[in-house]
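Examination of the molecular architecture
Chain by chain, the residues:
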Amino acid sequence: VRFGKYLEGLVEIMNTRTRYAITTATLRVCQIFMIILFLCHWFSCIFHLIGSREESTDIMGINEELHDTWIIADEMQEESMGRRYLRSFYWSLYTITTIGYGSVPIVTINERVLAMVAMAVGAVICDAGLTAVLASIVGKKDSQAGTNNRRIQCSKLFMTTNNVEEHLQAR
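Quick caveat, the model's predicted, so the values are computed rather than measured. (Residues numbered from 1 in each chain as written. Predicted model: local features only at pLDDT ≥ 70, side-chain atom pairs only at ≥ 80, totals over all residues. Heavy atoms only, no water.)

**What about the confidence of the model for the chain?**
Threshold: Confidence of the prediction at every residue is given by pLDDT, a number between 0 and 100. In this text, helices come from DSSP runs of H or I with a minimum length of four residues, and strands from runs of E with a minimum of two, each type numbered from the N-terminal end. The contact definition used throughout considers only heavy atoms, calling two residues in contact when any of these lie within 4.5 Å.
Chain-level statistics for the chain give a pLDDT mean of 79 and a share of 85% at 70 or above. Put simply, strand 2 (residues 62-63) is where the chain has its lowest mean pLDDT, 48, and helix 4 (residues 81-96) is where it has its highest, 91. Confidence drops under a pLDDT of 50 for residues 59-65, and excluding neighbours within four residues, the segment shows five contacts in the predicted structure.

Take a look at the structure:
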């Protein structure tokens, strides 16, 4: 809710200080994309947490055998936190947008459950939500085009019935 107000304030500033006007349709598409990025961040953090928690099995200084997780299966255990986050964000982005490359392995039950939840959320937000916003934009454009065509037809009918000269009608 707050983010929407911040975005509307930004749009108002853009409209008053520049000559470019941002439409409500553009604003709605930006809101959907920001929601998708926010969800990707949260799912990637949870995905990384699951992988790192199940990876570490050091109990009282005794190293036991590591459980296979996406971090171990993807050979990311020696990588920095930033690279791990980037890899988990990549997983989250293609899972939420339901593209599903499958290049980051899902090994444990917890990772699989998180993947299913991310797919379900992605289906609602990306597939249904984004499609609804874009369909609304196209529908509004079609409505405006229909209104313009009716106005043109009414103008032509008016000029014909009131005997307006042909060269004026052509304008």
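**A short note on the pattern of salt bridges**
Going by this rule: Any Lys or Arg side-chain nitrogen located within 4 Å of an Asp or Glu carboxyl oxygen qualifies as a salt bridge. Throughout, exposure labels follow a simple rule: accessible area from a 1.4 Å probe, protein chains only, divided by the maximum for the residue type, with under 20% read as buried, over 50% as exposed, and the rest as partly exposed.
For the structure on display, the rule yields two salt bridges. Between Asp 74 and Arg 87 there is a salt bridge, with the nearest N and O atoms lying 2.6 Å from each other. Of the two residues, Asp 74 is situated in the loop between helix 3 (70-73) and helix 4 and Arg 87 in helix 4; the sequence distance between them amounts to 13 residues. For Arg 87, a relative accessible area of 23% corresponds to the partly exposed category.

**Observations regarding the nonpolar core**
Applicable threshold: The term nonpolar core refers to a set of buried residues drawn from Ala, Val, Leu, Ile, Met, Phe, Trp, Tyr and Cys, joined through side-chain atoms within 4.5 Å.
In this structure, Phe 43, Phe 47, Trp 70, Trp 91, Ile 96, Val 104 and Leu 114 are the most contacted members of the largest nonpolar core, which totals 23 residues. Elements that contribute at least two residues to this core include exactly helix 2 (24-55), helix 3, helix 4 and helix 5 (109-161). With eight residues, helix 2 is the largest single contributor of residues to this core.

**Digging into a nonpolar patch on the surface**
Just so we agree on the cut-off: Residues forming no salt bridge and having over 30% relative accessible area are the ones grouped into patches, like charges within 9 Å of each other and nonpolar side chains (Val, Leu, Ile, Met, Phe, Trp, Tyr) within 5 Å. The Shrake-Rupley method, run with a 1.4 Å probe, gives the accessible areas here. Residue values count only the displayed protein chains as cover.
On the surface, Ile 109, Val 113, Met 116, Val 117 and Met 119 cluster together into a nonpolar patch covering about 460 Å² of accessible area. The residue Ile 109 is located in helix 5 in this model.

**A few points about the packing of aromatic side chains**
Applied cut-off: Pairing of aromatic rings covers Phe, Tyr and Trp, the last through its six-membered ring, and needs centres within 6.5 Å; plane angles under 30 degrees mean stacked, over 60 mean edge-to-face, and all others mean tilted.
Enumeration over the complete set of coordinates arrives at five aromatic pairs. Ring centres of Phe 38 and Trp 42 lie 6.2 Å apart, and the angle between their planes is 70°; this geometry places the pair in the edge-to-face category. Of this pair, Phe 38 and Trp 42 both sit in helix 2, four residues apart, roughly one helical turn. Pairing Tyr 90 with Tyr 94 gives two aromatic rings, centres 5.1 Å apart and planes at 75°, and the pair type is edge-to-face. Here Tyr 90 pairs with Tyr 94, and both are found in helix 4, just four residues apart, close to one helical turn. Residue classification places Tyr 90 among the partly exposed positions, given a relative accessible area of 33%. According to the relative accessible area criterion, Tyr 94 is buried, its value standing at 5%. Chaining the aromatic ring pairs together yields one cluster made of Phe 47, Trp 70 and Trp 91.

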